[in-house]
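# Structural characterization, general
One letter stands for each residue in the lines below.
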Amino acid sequence: ASDVYKRQPQDLLLEEVIQSIENTLLRFQMPAGQLIIEVLEGDEFLDYASAKAQLGRLKELGVRIALDDLGTAYASLLRLKDYPFDAVKLDQAFSRHLEKRPRDLHFLASMLEMANGLGVELIVEGIENAEVFSAVTALGIRQVQGYAISRPISAGEISQRFLGQQISMQSSSSSLLVSFARFLVLAKGLRAVLQSMPQSINVQLTCDNLSCPLYPLMNIIPSLREQRAQLQQVIADIVGNHLSSEYSMEIYDHLTANILNAMAAHITAQS
């Protein structure tokens, strides 16, 4: 192995390391964009005054830089604001217990929105089973890491199992957790349209049973039947301009929160 991979994090500040990375890329004819250097959020490397400039030099080579274990140190948002990261890897502490704590999907959705706004990729660690994988991808998260994809394997096994194959990112609607994620995305998206362009909404199509994540669950969680009907009426009232904008959105937020809470309570009770 190259000496590059045996060094301490702060050694990334050395001129010779930059040169070694550049020589290695040339030696193997590897496009620089295929190399991702991961920097742990808690590493003292980021506390050095010259760290930002050195990461900038790596970016000039075309190398991609990821902030690993986001959320484990105190300065997470400052790191994202001040350093030229291409991706952030969310620590598995935020996804490890989604089957028991579905409300954590709210946090993942917010992190995705923030990452998109900053123009960086979000990679969620700790995705360990098919149900969580489906729920997280239903949020729109495109990159995950964990046993749901594969346990650690050798380079030879990687080429046999994955090269030339595409892992399906289609989420299943067969679980409550996935339905929770789908409704969360629907509620957030619909809210934005109701606020900005309510007249563009086709109420009948929006409330169609085939596309509604709540419809298959109404026999499992009976309270959803009435709450769904109330939500449909509020949407119709907003589109028809029958309620003041501020008051109607307050009712919409209250109803969607109640629906998500009912789903989360049922999921938690089952776990």
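Everything below is about the structure shown above.
Described in the following lines is the structure provided in the data block. (Residues numbered from 1 in each chain as written. Predicted model: local features only at pLDDT ≥ 70, side-chain atom pairs only at ≥ 80, totals over all residues. Heavy atoms only, no water.)

Turning our eyes to something else, we now look at unusual backbone geometry. Glycine aside, negative phi is the norm for most residues, and most peptide bonds take the trans geometry. Within the chain, Q29 stands out as a residue other than glycine whose phi angle is a positive 55°. Mapped onto the secondary structure, Q29 falls in the loop between α1 (15–27) and β1 (36–40). Classification of Q29 as exposed rests on a relative accessible area of 67%. (Helix = DSSP H or I, 4+ residues; strand = E, 2+ residues; numbered from the N terminus. Buried < 20%, exposed > 50% of the residue type's maximum accessible area, 1.4 Å probe, protein only.)

Below, the discussion takes up the sheet that holds strand β4 (residues 121–124). Remark on secondary structure: sheet strands pair via backbone hydrogen bonds, oriented parallel or antiparallel. With parallel pairing, the 5 strands of this open sheet are ordered in space as β1-β2-β3-β4-β5. A strand with exactly one partner marks an edge of an open sheet, and here the two such strands are β1 and β5 (143–144). Bridging between strand β2 (residues 64–70) and strand β3 (residues 87–90) involves 3 bridges; their strand directions are parallel. Counted as the bridge partner of L70 is L90 from β3. Contacts from helix α4 (residues 104–118) reach β2, β3 and β4, with the element oriented near 155° to β4. (Pairing = 2+ DSSP bridges. Contact = heavy atoms within 4.5 Å. Axes fitted to C-alpha atoms, helices over the stretch in contact; angles between N-to-C directions.)

Note on helix geometry: an α-helix contains 3.6 residues per turn, so any two residues three or four positions apart are oriented the same way. With 21 residues, helix α7 (residues 176–196) should cover 30 Å at 1.5 Å per step; its first-to-last C-alpha distance of 30 Å lies within 8% of that length. Looking at the buried positions of α7, the neighbouring elements they touch are α4, α5 (130–138), α8 (203–206), α9 (223–239) and α10 (245–270). (Expected span 1.5 Å × (residues − 1).)

Let's shift gears to the side chain of S95. Tracing the backbone through its elements, the reader meets S95 in the loop between β3 and α4. Engagement of the side chain of S95 in a polar contact is seen with the backbone oxygen of E125, the distance being 2.5 Å. Look past the residues within four positions of S95 in its chain and what remains in contact with it is V124, E125, G126 and I127. (Polar contact = N/O pair within 3.5 Å; in protein donor to acceptor, adjacent residues only side chain to side chain.)

Our next topic: the packing of aromatic side chains. All chains considered together, the criterion is met by 1 aromatic pair. Here the aromatic rings of F94 and F107 are separated by 4.8 Å at their centres, their planes lie at 15°, and the arrangement is stacked. Placement of the pair is F94 in the loop between β3 and α4 and F107 in helix α4, with a sequence separation of 13 residues. Under the relative-accessibility criterion, F94 is labelled partly exposed at 24%. Lying over the aromatic face of Y147, R151 brings its terminal NZ or CZ to 3.9 Å of the ring centre. (Phe/Tyr/Trp six-rings, centres within 6.5 Å; stacked < 30°, edge-to-face > 60°. Lys NZ or Arg CZ within 6 Å of the ring centre and 35° of its normal.)

Throughout the structure, instances matching the rule amount to 7 salt bridges. Residues R64 and E121 are paired through a salt bridge, measuring 2.6 Å at the closest nitrogen-oxygen approach. Taken together, the residues R64 in strand β2 and E121 in strand β4 connect sequence positions 57 residues apart. What makes R64 partly exposed here is its relative accessible area of 23%. Of the residues examined, E121 reaches a relative accessible area of 29% and is grouped as partly exposed. What emerges from the salt-bridge pattern is a single network uniting E38, K89 and E125. (Salt bridge = Lys/Arg side-chain N within 4 Å of Asp/Glu carboxyl O.)

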